[in-house]
Structures are given as C-alpha cells and as structure tokens.
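Below, each chain spelled out in residue letters.
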Amino acid sequence: VQLQASGGGLVQAGGSLRLSCSASGRTFSSYYMGWFRQAPGKEREFVAAINGGGGSTKYADSVKGRFTISRDNAKNTVYLQMNSLQPEDTAVYYCAARTWGLGGLFSRPNAYDAWGQGTQVTVSS
C-alpha cells in the first residue's frame, strides 16, 4: 500500500485546512486509517482514526471538536478537516493505514503498517 498525503500549508491561527491522503490498493475500504503528527523535537502523536466504512471515528482530546476525519472509499482517499487551527497544531502530518490484523481505532503508531510521506502544517499566531 502506498499513501500520499497533501494539503498542508501555512495558515493563520483560527483558520482551516483540509488534508487529503490517497491510497493505492484494491481493498482500501477494509483499511483502518489514521492521522498522526510530529512537531520538531517531539514524538509522533495520534490525531484521529477512522474505520473502513467510515462510521466510527476516534480523536485525540487536543483536536476533538476542531478536526474531522472522513473518507471516500470510491476515491481511495481519507481526509482530515482542520478548523480553528492554533500554533500548537504546527507539525508534519502523516496518514497511516492498518491493512491487516484485528481491526480497531488504534492510537499507537505501531498499530499501522503503512505510512505516507507527511505534509507540513504551519499555523502562525
């Protein structure tokens, strides 16, 4: 599985961005997908996850109510809509896929076996 993230950029505090992650593979709808982020000098942290059908989601407390994860299985794409962005949201954002094993909305990075290249999100104050 290959993942390609896009949509990052520079935005002012309070603004919005939508990240996209396109995936290869014929069984995308069976993959649990996640978004993670990593700020300089910090560990990679969980942001959001979604199940294969899109009906179940999970969010980190820090983004709950501001970010929304969704997917379009017809387009093999998962999205992260980010609203009310704050400077502390500045990071490289990565999409990840869990393509085998027991399903679940996992928040630990090692539960995912495929990763995109990352897209930079910078929020200015």
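Residues numbered from 1 in each chain as written. Predicted model: local features only at pLDDT ≥ 70, side-chain atom pairs only at ≥ 80, totals over all residues. Heavy atoms only, no water.

## Notes on the overall build of the chain
Within the chain, the secondary structure is distributed over 0 helices and 11 strands. For the chain, the succession of helices and strands along the chain, N to C, is β-β-β-β-β-β-β-β-β-β-β. If one aligns the C-alpha atoms of the chain with their principal axes, the spans along those axes are about 40 × 25 × 25 Å. Put simply, the chain has 125 residues, and 45% of those count as buried. Within the chain, counting contacts between residues at least 6 apart in sequence, those at least 24 apart form 58% of the total. With an accessible surface of roughly 6,200 Å², the chain has 46% of that area assigned to carbon and sulfur atoms. Across the chain, the 12 positively charged side chains and the 7 negatively charged ones have centroids separated by 6 Å. (Helix = DSSP H or I, 4+ residues; strand = E, 2+ residues; numbered from the N terminus. Buried < 20%, exposed > 50% of the residue type's maximum accessible area, 1.4 Å probe, protein only. Contact = heavy atoms within 4.5 Å. Areas by Shrake-Rupley, 256 points an atom, 1.4 Å probe, with all protein chains shown as cover. Lys, Arg positive; Asp, Glu negative; His and termini not counted. Charge placed at Lys NZ, Arg CZ, Asp CG, Glu CD.)

## Brief notes about the side chain of Asn76
Along the polypeptide, Asn76 turns up in the loop between β7 (67-72) and β8 (77-82). Asn76 has contacts with Cys21, Ser22, Ala23, Ser24, Gly25 and Phe28, leaving out every residue within four places of it along the chain.

## Remarks on the packing of aromatic side chains
Taken as a whole and assessed by the stated rule, the structure comprises 5 aromatic pairs. With a centroid separation of 6.1 Å and 80° between ring planes, the pair formed by Phe28 and Tyr31 is classed as edge-to-face. Geometrically, the ring pair formed by Tyr112 and Trp115 is edge-to-face, given 6.4 Å between the ring centres and 70° between the ring planes. The buried category is assigned to Tyr112, whose relative accessible area is 5%. Exposure remark for Trp115: the relative accessible area of 29% places this residue in the partly exposed category. (Phe/Tyr/Trp six-rings, centres within 6.5 Å; stacked < 30°, edge-to-face > 60°.)

## Remarks on the pairing of β7
Residues Phe67, Ile69 and Arg71 line the buried face of β7, whereas the alternating positions Thr68, Ser70 and Asp72 sit on a face that is not buried. Two strands pair when backbone bridges link them, and β7 and β8 are joined in this way by 6 bridges, in the antiparallel orientation. Its bridge partner lying in β8, Ile69 is registered against Leu80. Hairpin connection, β7 to β8: the antiparallel pair is bridged by 4 residues, and Asn76 has positive phi, about 55°. (Pairing = 2+ DSSP bridges.)

## Focus on the pattern of salt bridges
All told, the structure shown has 4 salt bridges when counted by the stated rule. In this structure, Lys64 engages Asp61 in a salt bridge whose closest nitrogen and oxygen atoms are separated by 3.2 Å. Take Lys64 and Asp61: they sit in the same class, and that class is exposed. The salt bridge involving Asp89 is made with Arg66; its shortest N-O contact spans 2.8 Å. Residue Asp89 is found in the loop between β8 and β9 (91-98), and its partner Arg66 is found in the loop between β6 (57-59) and β7; the two are separated by 23 residues along the sequence. In terms of burial, Asp89 and Arg66 fall into one category: buried. (Salt bridge = Lys/Arg side-chain N within 4 Å of Asp/Glu carboxyl O.)

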